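Okay, here's what each chain looks like letter by letter:
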Amino acid sequence: METALTRLVGVRYPIVQTGMGWVAGPRLVSAAANAGALGILASATMTVDQLRAAVREVRSRTEAPFGVNLRADAGDAAERARLIIDEGVRVASFALAPSRELIARLKDAGVVVIPSIGARRHAEKVAAWGADAVIVQGGEGGGHTGEVATTVLLPQVVDAVDIPVVAAGGFHDGRGLVAALAYGAAGIAMGTRFLLTSDSTVPDAVKAEYLKAGVRDVTVTTAVDGLPHRMLRSDLVASLERAGRTRALARAVRHAARFRRLSGLSWSGMVRDGLAMKHGKELSWSQVLLAANTPMLLKASMVEGRTDLGVMASGQVAGVIEDLPSCAELVGRVMAEARAVLVRLNAPDAPPPPG
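Residues numbered from 1 in each chain as written. Predicted model: local features only at pLDDT ≥ 70, side-chain atom pairs only at ≥ 80, totals over all residues. Heavy atoms only, no water.

**Student:** Hey, could you run me through the sheet that holds strand β9 (residues 187–190) in this one?
**Tutor:** In a beta sheet, neighbouring strands pair by backbone hydrogen bonds and run either parallel or antiparallel. An order of β1-β2-β3-β4-β5-β6-β8-β9 is seen for the eight strands of this closed barrel, with the pairing classed as parallel. Strand-to-strand, the axes of this sheet are offset by a mean angle of 25 degrees, without reference to chain direction. Where strand β1 (residues 15–17) lies against strand β2 (residues 38–42), two bridges are found, and the strand directions are parallel. Each residue of the ladder has a partner; that of Val16, found in β2, is Leu38. (Pairing = 2+ DSSP bridges. Helix = DSSP H or I, 4+ residues; strand = E, 2+ residues; numbered from the N terminus. Axes fitted to C-alpha atoms, helices over the stretch in contact; angles between N-to-C directions.)

Here it is, written out as structure tokens:
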């Protein structure tokens, strides 16, 4: 299935596996790429040296194009961009809008730049700055999220920009892919659905928590880092929401110290990142400090398997996912479903396919 996205990045199918911290490592990314999707390596929880090793591991596992997700507001964003250029990575994706200068630097080196956005005005801004495409995430998506549903936000963005738009938030099957294409998107991006595959390194006990969740078991809370964050309900989330500000800040200081040791950042580097995060946003210093909660609470679940000590970022689609296919099985299924839907739309009186 050829679309503006497949032509832009050179993949077989208009499907993106998103860059989820602690989840989208070399094994998942290479499996998604080999299945014909665009795999995105998450780098925010890696040091620069770890990122270089991860990129090379992905390349050792696949010859297909893949991407790296960067934090545009990180103090070492320029160094990581240079790494992407030097290593010949096809795509740079961003959770926050990169600067005009960073976009130009990557594009001049032949890297495709695809920021993720959550509002029409943000899409218009990065398109004007030269972004090659955008991923637009509606409120159904996991992790940090907005309030506008994909079905409302997606057509707004499609109408506002003349670059390919990839739809995210609420997608898990071929019907969703066809719906996104009908809205004018060039493809879909999925996080939770790829997290729940056999190629994902998330511990089995954690995957089991996702599989048993219903739609109402996915909530949005500001208790983790002061910003709206979609995740599975759990006893820990409830305790975080009951905790007072003093306890929350004390926990954040401890997590900041742990994340500093883990990431290799200096205290001054973390302060620079905090200043970058605060700049241009209505964030209190308490919220900036609380952001240290996010990587460590996610690591506890996604790496260590401690659902009692960690949080589980999740899209609402977790409530309708029931199995753990391989990436190859998942992508093949999505594409077969999409083709079957298109056939039925072209011949509405035809019987549905078996199964």
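**Student:** Mind showing me how you'd approach the side chain of Thr62 here?
**Tutor:** Locating Thr62 in the fold gives a position in the loop between α3 (48–61) and β3 (66–70). Polar side-chain contacts of Thr62 include one of 2.7 Å to the side chain of Asn34. Polar side-chain contacts of Thr62 include one of 3.0 Å to the backbone nitrogen of Ala64. Ignoring any residue separated from it by four or fewer positions in sequence, one finds Thr62 in contact with Ser30, Ala33 and Asn34. (Polar contact = N/O pair within 3.5 Å; in protein donor to acceptor, adjacent residues only side chain to side chain. Contact = heavy atoms within 4.5 Å.)

**Student:** Looking at this structure, how should I read the packing of aromatic side chains?
**Tutor:** The way to describe two aromatic rings as a pair is by their centre distance and the angle between their planes. Within this structure, the stated rule accounts for zero aromatic pairs. In this arrangement the basic side chain of Lys299 is found over the ring face of Trp22, its NZ or CZ atom lying 5.9 Å from the centre. (Phe/Tyr/Trp six-rings, centres within 6.5 Å; stacked < 30°, edge-to-face > 60°. Lys NZ or Arg CZ within 6 Å of the ring centre and 35° of its normal.)

**Student:** In this structure, what is going on with the pairing of β9? I would like to understand it.
**Tutor:** Along any regular strand, the residues point their side chains to alternate faces of the sheet. Where burial is concerned, the two faces of β9 agree: the one with Gly187 and Ala189 and the one with Ile188 and Met190 are both buried. With three bridges connecting them, strand β8 (residues 165–168) and β9 associate as parallel partners. When the bridges of β9 are listed, Ala168 appears paired with Ala189. (Buried < 20%, exposed > 50% of the residue type's maximum accessible area, 1.4 Å probe, protein only.)

Geometry only, nothing functional implied.
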